[in-house]
Amino acid sequence: MISFQKEIKLAPKPRGFHLITKDIFNAIPLLKDIKIGMCTIFIKHTSASITINENADPTVRLDFESHINKMVPENAPYFKHRYEGPDDMPAHLKASLLGNSVQIPITDGMLNLGTWQGIYLGEHRDYGGSRTLVITVIGQ
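Our subject in this report is the structure included herewith.

### Some remarks on unusual backbone geometry
So, point 1. The phi torsion at N75 lies on the positive side, around 65°, for a residue other than glycine.
So, point 2. Structurally, N75 can be placed in the loop between α2 (58–71) and α3 (88–98).
So, point 3. Residue D108 is not a glycine yet carries a positive backbone phi of 50°.
So, point 4. Note on placement: D108 falls in the loop between β5 (101–107) and β6 (110–111).

### A closer look at the packing of α2 against α3
So, point 1. Axis separation between α2 and α3 bottoms out at 10 Å; the angle between their running directions is 115°. Between α2 and α3 the crossing geometry is right-handed. Each of F64, I68, N69 and M71 in α2 lies in contact with α3, whose residues at this interface are K94, L97 and L98.
So, point 2. Counted by class, the contact of α2 with α3 contains five nonpolar, one polar and one charged residues.

### Remarks on the sheet that holds strand β7 (residues 117–123)
So, point 1. Across the sheet, three strands lie side by side as β2-β7-β4; this open sheet has antiparallel pairing. For this open sheet the edge positions go to β2 (16–19) and β4 (48–54), each flanked by a neighbour on one side alone. Taken pair by pair, the neighbouring strands of this sheet meet at an average axis angle of 35°, ignoring direction.
So, point 2. Pairing of β4 with β7, which is carried by seven bridges, proceeds in the antiparallel orientation. Paired with A48 across the strands is E123, a residue of β7.
So, point 3. Sheet contacts for α2: β2, β4 and β7; angle to β2, the most-contacted strand, approximately 150°.

### Structural notes on the packing of aromatic side chains
So, point 1. A complete count under the given rule lists four aromatic pairs for this structure.
So, point 2. Through a chain of ring-to-ring contacts, three or more aromatic side chains come together here, namely F17, F64 and Y120.

About the cut-offs
Residues numbered from 1 in each chain as written. Predicted model: local features only at pLDDT ≥ 70, side-chain atom pairs only at ≥ 80, totals over all residues. Heavy atoms only, no water. Helix = DSSP H or I, 4+ residues; strand = E, 2+ residues; numbered from the N terminus. Axes fitted to C-alpha atoms, helices over the stretch in contact; angles between N-to-C directions. Left-handed = near helix turned anticlockwise from the far one by under 90°. Contact = heavy atoms within 4.5 Å. Nonpolar A, V, L, I, M, F, W, Y, C, P; charged D, E, K, R; others polar. Pairing = 2+ DSSP bridges. Phe/Tyr/Trp six-rings, centres within 6.5 Å; stacked < 30°, edge-to-face > 60°.

Okay, here's the thing in structure tokens:
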């Protein structure tokens, strides 16, 4: 049985959805040694999210950003939590809606993603800064 855990820090990214599949893959070189297992990716922030979706057409990521901004608008009159600006509470809501972790099967040394799937970082703040991910791999 192999178990592995590593924290990685992603460089700051602008608000929006960003493919980070290669960052994850590059962070776990022992992946090639695992026949069968699971990889969990957890983001240690309350104003950014992690999800899996379309990895080929960048307009999908733009549509994600447009839609989630319409679902959770800034400056809603009922928001009380505004300590860090108008994007503060909306960022927390977006992060909760999309989630803080994903699990991906490992098969024959590869993340067993679908042909068109990629791992996204959802950056929901105008200036979120670097983001820390915890990558946990268990397998054999």
